[in-house]
Amino acid sequence: MHPMLIIAVKAARRAGQVISRASLDISQLKVSTKQQSDYVTEVDKLAEGAIIEMLRENYPNHAILAEESGSSGQSEFQWIIDPLDGTTNFIHGFPQYAVSIALAHKGVLTHAVIYDTNRNELFTASKGEGAFLNEKRLRVSNRGKLDEALIGTGFPYRSFDHIDAYLAIFRELTQKTAGLRRPGAASLDLAYVAAGRLDGFWEFGLSPWDMAAGALLISEAGGLVGDLNGEPNYLSSGNIVGGNPKVFAQILQVIAPHLSGTLKP
Ligand code: IPD
Ligand code: CA
Ligand code: CA
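Residues numbered from 1 in each chain as written. Chains lettered and ligands numbered in written order. Predicted model: local features only at pLDDT ≥ 70, side-chain atom pairs only at ≥ 80, totals over all residues. Heavy atoms only, no water.

**Student:** What should I look at first to understand helix α2 (residues 42-58) in this one?
**Tutor:** Note: α-helices contain 3.6 residues per turn, so residues at a spacing of three or four share the same orientation. When the terminal C-alpha atoms of α2 are compared, their 25 Å separation across 17 residues agrees well with the 24 Å that a helix rising 1.5 Å per residue should span. When we look at burial in α2, the residues that qualify are V43, D44, A47, E48, A50, I51, I52, M54 and L55. Those residues of α2 that are buried lie in contact with α1 (3-23), β2 (38-41), β3 (63-66), β5 (77-85), α3 (87-92) and β6 (98-105). The distance from a side-chain oxygen at the start of α2 to the backbone nitrogen of V43 is 3.0 Å, and the residue carrying that oxygen is T41. (Helix = DSSP H or I, 4+ residues; strand = E, 2+ residues; numbered from the N terminus. Expected span 1.5 Å × (residues − 1). Buried < 20%, exposed > 50% of the residue type's maximum accessible area, 1.4 Å probe, protein only. Contact = heavy atoms within 4.5 Å. Polar contact = N/O pair within 3.5 Å; in protein donor to acceptor, adjacent residues only side chain to side chain.)

This is the structure:
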């Protein structure tokens, strides 16, 4: 394992300890609202602090973009951190959430860790080195027919600007696929595409920390990731499609007619 990935894994495990401990008594959680349906707990902040402490100890000059504390530093290396992806699930004791950490070098995703504390599943990837679940090499599925595909998504819940386009795409995909799932932690949804558990995924309005690690996992597992045009602009647009190459192309085809008006790729 690359030394930088080893540090990222250590940081993710530290955050995982904070999260697991807190999950034992969720009645004690202090929850605040950032905006409508957007929650944060002290666990998000403590987990993020643990990650940043570990990264700073080892890489004091690297830049950081973290969900709770924002952006700091100037460097060709940038860590992109979601300390607890799936906070709404976490608050409810719904066991689908994860720690997500990625490193970008000169804007290119190079290392990724997603850690699911509930299942003790550690997803890792390094550019050009493949994607792994614990020790096992990952490949995206090879299911090519959309009507056999299981597709993940995230429902709009904070901004409803594109709800009509979203629901039109949802309506079509719900009829054309074997099923849709909304597990509630985008990083894990993407990791599941890398692992072949989902054949594809789409969501609008995500932040870079929701997507960065999962996107590298998918490409290292032989899948494709893009914005709503299939272009590499998803980290800045916030709109992402991922999948095995065949399903990826078919999801883009379903989305294409809805890309008029306000919904941009
Ligand atoms: C959220 C989860 C969710 C997705 C949201 C994200 P958070 O992250 O990934 O699945 O639908 O858009 O914001 O807020 O729990 O870190
Ligand atoms: Ca998130
Ligand atoms: Ca989060």
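**Student:** Would you mind showing me how to read the packing of helix α5 (residues 186-194) against helix α6 (residues 208-220) here?
**Tutor:** Axis separation between α5 and α6 bottoms out at 8 Å; the angle between their running directions is 5 degrees. On the basis of the axis angle, α5 is roughly parallel to α6. In contact with A186, S187, L190, A191, V193 and A194 of α5, α6 contributes D210, M211, G214, A215, L217 and I218. Here the contact of α5 with α6 is composed, by residue class, of 9 nonpolar, 2 polar and 1 charged. (Axes fitted to C-alpha atoms, helices over the stretch in contact; angles between N-to-C directions. Parallel < 35°, antiparallel > 145°, perpendicular 65-115°, else oblique. Nonpolar A, V, L, I, M, F, W, Y, C, P; charged D, E, K, R; others polar.)

**Student:** Can you help me understand the packing of aromatic side chains in this one?
**Tutor:** A ring pair, where both rings are aromatic, is described by two values, the distance of the centres and the angle of the planes. Using the criterion set out here, one finds 7 aromatic pairs in the structure. Geometrically, the ring pair formed by F123 and Y192 is tilted, given 6.3 Å between the ring centres and 45 degrees between the ring planes. Placement of F123 in strand β8 (residues 121-126) and of Y192 in helix α5 is noted, with a sequence separation of 69 residues between them. A ring pair is formed by Y166 and F204, whose centres lie 5.8 Å apart and whose planes are at 90 degrees; its orientation type is edge-to-face. Here Y166, found in helix α4 (residues 163-176), pairs with F204, found in the loop between β13 (200-203) and α6; they are 38 residues apart in sequence, far enough to count as distant. Take Y166 and F204: they sit in the same class, and that class is buried. Residue placement shows R13 over the ring face of Y115; its charged tip is 5.3 Å from the ring centre. Over the face of the ring belonging to Y192 we find R197, whose NZ or CZ atom lies 4.7 Å from the ring centre. (Phe/Tyr/Trp six-rings, centres within 6.5 Å; stacked < 30°, edge-to-face > 60°. Lys NZ or Arg CZ within 6 Å of the ring centre and 35° of its normal.)

**Student:** What am I meant to see in the coordination of the calcium ion (ligand 2) here?
**Tutor:** Working reference: metal with six octahedral donors, ideal angles 90 or 180 degrees; metal with four tetrahedral donors, ideal angle 109.5 degrees. Listed as protein donors to the calcium ion (ligand 2) are D82 (OD), D85 (OD) and D210 (OD); their distances from the metal cover 2.1 to 2.3 Å. Along the chain, the residues that donate to the calcium ion (ligand 2) are spaced as D-x2-D-x124-D. Between the calcium ion (ligand 2) and the calcium ion (ligand 3), the interatomic distance is 3.8 Å, and D82 donates to each metal, bridging them. Within this pair, whereas D82 is found in strand β5, its partner D210 is found in helix α6, the two being separated by 128 residues in sequence. For the residue pair D82 and D210, the accessibility class agrees, reading buried in each case. (Donors = N, O, S within 2.8 Å, 3.2 Å for Na, K, Ca; no water.)

**Student:** In this structure, what is going on with the environment of A178? I would like to understand it.
**Tutor:** Counting through the fold element by element, A178 comes out in the loop between α4 and β12 (179-181). Spatially, the C-alpha atoms of A178 and I151 are 8.0 Å apart, while their sequence positions differ by 27 residues. Not counting residues up to four positions away in its chain, the partners in contact with A178 are L146, D147, E148 and A149.

**Student:** Just checking my understanding: could you explain the coordination of the calcium ion (ligand 3) for this structure?
**Tutor:** Note on the calcium ion (ligand 3): its protein donors are E67 (OE), D82 (OD) and L84 (O). The metal-donor distances range over 2.2 to 2.4 Å. Between the donor residues of the calcium ion (ligand 3), the gaps in sequence give the motif E-x14-D-x1-L.

**Student:** Is there a simple way to think about the pattern of salt bridges in this case?
**Tutor:** One side chain can pair with another of opposite charge once the charged atoms of both are near each other. Applying the stated rule across the entire model yields 5 salt bridges. A salt bridge links E42 to K30, with the shortest nitrogen-to-oxygen separation between them at 3.7 Å. Here E42, found in helix α2, pairs with K30, found in the loop between α1 and β1 (31-35); they are 12 residues apart in sequence, far enough to count as distant. For E42, a relative accessible area of 29% puts it in the partly exposed group. Residue K30 is classed as exposed on the basis of its relative accessible area of 62%. Note that R119 is salt-bridged to D116, the shortest N-O span being 2.6 Å. Overall, R119 belongs to the partly exposed group, its relative accessible area being 40%. (Salt bridge = Lys/Arg side-chain N within 4 Å of Asp/Glu carboxyl O.)

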